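# Coordinate inspection notes
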Amino acid sequence: MISQQQLIRMVESIPPFPESVHQVLSLTASVDCAPKALVKVIEHDPILTAEVLRLVNSAYFGLSRHVTSINHAVVYVGINTVKNVAIALSTKGALPAKNTAGLDMRQFWEHSLTVGVLARLLAAPRAAGEINEANYFVAGLLHDIGKILFAHFIPQEYRQVAESLADYGYDELATERAVLGTDHCQAGAMLAEKWKLPTSLVRSIRFHHDVEAADEQSPELYATAAANLAAHLVSAARATPGAGGDHVVVPEVLRAWLGDELPQVVNGIVGLSEEIDKAKAFIEVV
Amino acid sequence: MKITLCGVRGSIAVPGPDTVRYGGNTTCIHVEGKDGTQLIIDGGTGIRALGERLLAAGPLACSIFITHTHWDHIQGLPFFVPFFLPGNQVDIYGAYDPIYGKDLKTILAQQMEYCYFPVRESELKAKISYNHVTERQPVKIGSLTVTPLLVNHPVYNFGYRIEEDGKVFFFTGDYEPPYNIYEPADEDYEDYQRLIVQQKKTLVDFIRGADVVVADTQYTLAEYASRKGWGHGTYDSSIEMARMAAVKSMYFTHHDPNRTDDQLDAIFSQLQSRQDLPATRFAVAREGEIIEL
């Protein structure tokens, strides 16, 4: 069991959320984002700049000349490529990269990215009026961020959660509450508050496993919760084509928002696999 | 070396009465070496008839260089008959896509998945190899030496320089010269302009004095205004390239799908009356055109 004090201390010791990450994601959410605006955002973050240059100059790109600046990269490999590299790096930059005992980081990454991509794709046709697609992506990407806190600060206790899952009928939240006295939704929401992320984002993280309990209903929350359920369907289908995912229970409020059964909705998303592949391709090299 | 233009249309094949003279097939260029080396650049719809023609000469060994994997440069590949016959050898060359993290085989096999095409890549009977090329690393194919250069397009796109006995042929693939993303009043404008000049110089040095250049010239200057960033060149940008690199002969290709034969003739005759043309011999690329070097 961990105390509330302990939890607060964990949250306090995580570095601030990089502003540039937020800017890159919201800029690139629009197809016709101005190249110079993107360059400006990247250049204002020395770490992001260094990472973009490192990647573009890596053997992976196999360029014959050394790229020395972001402007140079845009001229040499094109704005589209720089944009994709920046999105991938920002995505990764949104999560602390520390070694985290007890958590399969690759799996965690894949799931987070899948939920981010799905949240954006699910929200696009459903959210009324102007929507900021980047917010949906970030909400999905960060929904399980609380797990990172546990794995990073209390690896032994967190490993015990994994080992005790069977005792609690494989109910992850119930296991976390019993073993730790809190759950990854609460911990994640506290971290998001510390990062001063928008309220709607904090709410999506806090209630993604319990939509009906939320203080306010919002499309970000619906998108994140539905994307999380959908991600389990998708990964089951990718591992075993044709797998049903019958165990996924969709709350009525989400079903109403989706307008159809979840598997039908997921099957109807055009280009989902490609979007996920593109996001994942960079995990290998970034 | 003998170069045959087998497809000169951009974006999509456009058969019909308005495109009979210059041709409606998408990008494909056949290059034959002095020793009989068979080389093909891009697998647009023009590759179908070429495949039939090459097979008439018996079992085939050839190399296909892909500039990039946009639809109009690969959509003829599933109809390249030599793939289906045992005894043929096809070596495919192109870039690894660093953004999608996909190799050439994966990308090409995907367009032959069962929902798109009735025969899968794994069922092809010819002996096929996939080879990734790297910028400026020459590849020797018989008597021909092929060197790729990365040129600007929304996806990774190689221009290919082919050399034999000092004769040089260059195909840009799809190419839009880089443009300044800043306004003249912006602080970065000058710096960016310097990088553009440097980037253009790289291409110019790479093809300087080339005997033949086939260049992406999809738009007129007026059309380009609303198509910036779409990845294609203009008559003006191609002429500038020819002038800077002292190209001996240049063919304008990748004609816009909306461009009729009459329009191409009109644009070309207007262009020939210009006073500022370099010494280059210009021509509109025509399907079936044979260029001997």
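Further up the page is the structure itself.
This text gives an overview of the structure that appears in the document. Within each chain, residues carry numbers counting from 1 in the order of the written sequence. All chains are assigned letters beginning with A, and all ligands numbers beginning with 1, in the order in which they are written. Owing to the predicted nature of the model, reporting of local features is limited to residues with pLDDT of at least 70; listing and counting of side-chain atom pairs is limited to 80 or more, with chain, interface and lining totals taken over all residues.

## Description of the sheet that holds strand S7 (residues 139–141) of chain B
Residue and element names in this part refer to chain B. Worth spelling out the cut-off: Should DSSP find at least two bridges between two strands, the strands are regarded as paired. Think of it this way: any DSSP run of H or I at least four residues long counts as a helix, any run of E at least two long counts as a strand, and we number them from the N terminus. Lines are fitted to the C-alpha atoms to define the axes, a helix being fitted only along its stretch in contact, and any angle between axes, read from their N-to-C directions, falls within 0 to 180 degrees.
Pairing is mixed in the open sheet, where 7 strands are placed in the order S7-S8-S9-S10-S11-S12-S13. Because the sheet does not close on itself, it has two edges, and the strands there are S7 and strand S13 (281–284). Ignoring which end each strand starts from, the neighbouring axes of this sheet average 20 degrees apart. For S7 and strand S8 (residues 144–150), the ladder comprises 3 bridges, and the chain directions are antiparallel. The residue bridging Ile141 from the neighbouring strand is Leu144, located in S8.

## A short note on the pairing of strand S10 (residues 167–171) of chain B
Residue and element names in this part refer to chain B. Selection rule: Partly exposed residues are those falling between the two cut-offs: more than 12 but fewer than 20 other C-beta atoms within 10 Å of their own, whereas 20 or more means buried and 12 or fewer means exposed, with C-beta atoms placed from the backbone. A crossover counts as right-handed when, viewed with the strands pointing away from the observer, the path leading from the first strand over the helix to the second turns clockwise.
By the criterion of burial, S10 is predominantly enclosed, with 4 of the 5 residues buried. Here strand S9 (residues 158–164) pairs with S10 via 5 bridges, running antiparallel. For Tyr160, the partnering residue across the bridge sits in S10 and is Phe171. From the end of S9 to the start of S10, which pair antiparallel, there are 2 residues, and Asp165 there has a positive phi angle of about 50 degrees. Taken together, the 3 bridges between S10 and strand S11 (residues 212–216) define a ladder with parallel strand orientation. Within S11, the position partnered with Phe169 by the bridge is Val212. Note on the crossover from S10 through helix H4 (residues 189–207) to S11: the handedness is right-handed.

## Some points on the interface of chain B and chain A
Stated precisely, the cut-off is as follows: The contact criterion used here is simple: two residues whose C-beta atoms, placed from the backbone, lie within 7 Å are in contact. When residues are sorted by character, Ala, Val, Leu, Ile, Met, Phe, Trp, Tyr, Cys and Pro go into the nonpolar class, Asp, Glu, Lys and Arg into the charged class, and all the rest, Gly among them, into the polar class.
Each partner contributes to the interface: chain B provides 21 residues, whereas chain A provides 20 residues. In terms of residue class, the side of chain B that touches chain A is built from 11 nonpolar, 5 polar and 5 charged.

## A look at helix H9 (residues 145–153) of chain A
The element H9(A) is extensively covered by neighbouring structure, given that 8 of its 9 residues are classed as buried. What H9(A) keeps buried is the set Ile145(A), Gly146(A), Lys147(A), Ile148(A), Leu149(A), Phe150(A), Ala151(A) and Phe153(A).

## A look at the sheet that holds strand S14 (residues 290–292) of chain B
Think of a sheet as strands paired side by side through backbone hydrogen bonds, with each pair either parallel or antiparallel. Residues and elements named next belong to chain B. Strand order in this open sheet of 7 strands is S6-S5-S4-S3-S2-S1-S14, and the pairing throughout is mixed. Sheet topology places strand S6 (127–132) and S14 at the edges, where each strand pairs with a single neighbour. Averaged over all adjacent pairs, the angle separating strand axes in this sheet is 20 degrees, with direction ignored. In terms of strand pairing, strand S4 (residues 61–65) meets strand S5 (residues 89–94) through 5 bridges, oriented parallel. Looking across to S5, one finds that Ala61 is bridged to Gln89.

Any functional reading would require information beyond the geometric quantities listed.
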